[in-house]
Amino acid sequence: MSINARLEKLDQRHQELENALSTELKQPSSDDLRITELKRRKLAIKDEIRTLQSRTRH
């Protein structure tokens, strides 16, 4: 898989997690553990995106 294709998939997954997080936060009885996990996964994807982007700039 090319770096650009990987970046597209990561961007898509990041957006899916953002949507899931937004939905969870709107729930009156939101699950703090689920929110923490979604944020952790979202941050990990963001870090991977940054790493791949830095490789394409060199």
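Residues numbered from 1 in each chain as written. Predicted model: local features only at pLDDT ≥ 70, side-chain atom pairs only at ≥ 80, totals over all residues. Heavy atoms only, no water.

## Considering the nonpolar core
The nonpolar side chains of a soluble globular protein tend to be buried, and buried together.
Line of reasoning, step 1. Membership of the largest hydrophobic core is limited to nine residues, which are Leu7, Leu10, Leu17, Leu21, Ile35, Leu38, Ile45, Ile49 and Leu52.
Line of reasoning, step 2. Secondary-structure elements contributing two or more residues to this core are helix H1 (3-26) and helix H2 (32-57).
Line of reasoning, step 3. When residues of this core are assigned to their parent elements, the largest contribution, five residues, is made by H2.
Line of reasoning, step 4. Sequence-distant contacts of Ile45, that is, excluding residues within four places in its chain, are made with Leu10, Arg13, His14 and Leu17. (Core = buried A, V, L, I, M, F, W, Y, C linked by side-chain atoms within 4.5 Å. Buried < 20%, exposed > 50% of the residue type's maximum accessible area, 1.4 Å probe, protein only. Helix = DSSP H or I, 4+ residues; strand = E, 2+ residues; numbered from the N terminus. Contact = heavy atoms within 4.5 Å.)

## As for the packing of H1 against H2
Line of reasoning, step 1. Interhelical geometry of H1 versus H2 gives an angle of 155° and a closest axis separation of 9 Å. Here H1 lies roughly antiparallel to H2, going by the angle between them. Relative to H2, the crossing made by H1 is left-handed.
Line of reasoning, step 2. Here the contact of H1 with H2 is composed, by residue class, of twelve nonpolar, three polar and twelve charged. (Axes fitted to C-alpha atoms, helices over the stretch in contact; angles between N-to-C directions. Parallel < 35°, antiparallel > 145°, perpendicular 65-115°, else oblique. Left-handed = near helix turned anticlockwise from the far one by under 90°. Nonpolar A, V, L, I, M, F, W, Y, C, P; charged D, E, K, R; others polar.)

## Some details on the side chain of Glu24
Line of reasoning, step 1. Mapped onto the secondary structure, Glu24 falls in helix H1.
Line of reasoning, step 2. Take Glu24: its relative accessible area is 13%, and that puts it in the buried class.
Line of reasoning, step 3. Those residues in contact with Glu24 that sit more than four places away from it in its chain are Ser30, Asp31, Arg34, Ile35 and Leu38.

## Re the pattern of salt bridges
Line of reasoning, step 1. In this structure the tally under the stated criterion is five salt bridges.
Line of reasoning, step 2. Among the salt bridges present, the one from Arg6 reaches Glu48, with a minimum N-O distance of 2.9 Å. Residue Arg6 is located in helix H1, and its partner Glu48 is located in helix H2; the two are separated by 42 residues in the primary sequence.
Line of reasoning, step 3. Among the residues examined, Arg6 registers a relative accessible area of 32% and is labelled partly exposed.
Line of reasoning, step 4. Take Glu48: its relative accessible area is 31%, and that puts it in the partly exposed class.
Line of reasoning, step 5. For Glu37, the salt bridge is made with Arg40, and the minimal N-O distance between the two is 2.6 Å. You can see Glu37 and its partner Arg40 sitting in helix H2, three residues apart, about one turn around the helix. (Salt bridge = Lys/Arg side-chain N within 4 Å of Asp/Glu carboxyl O.)

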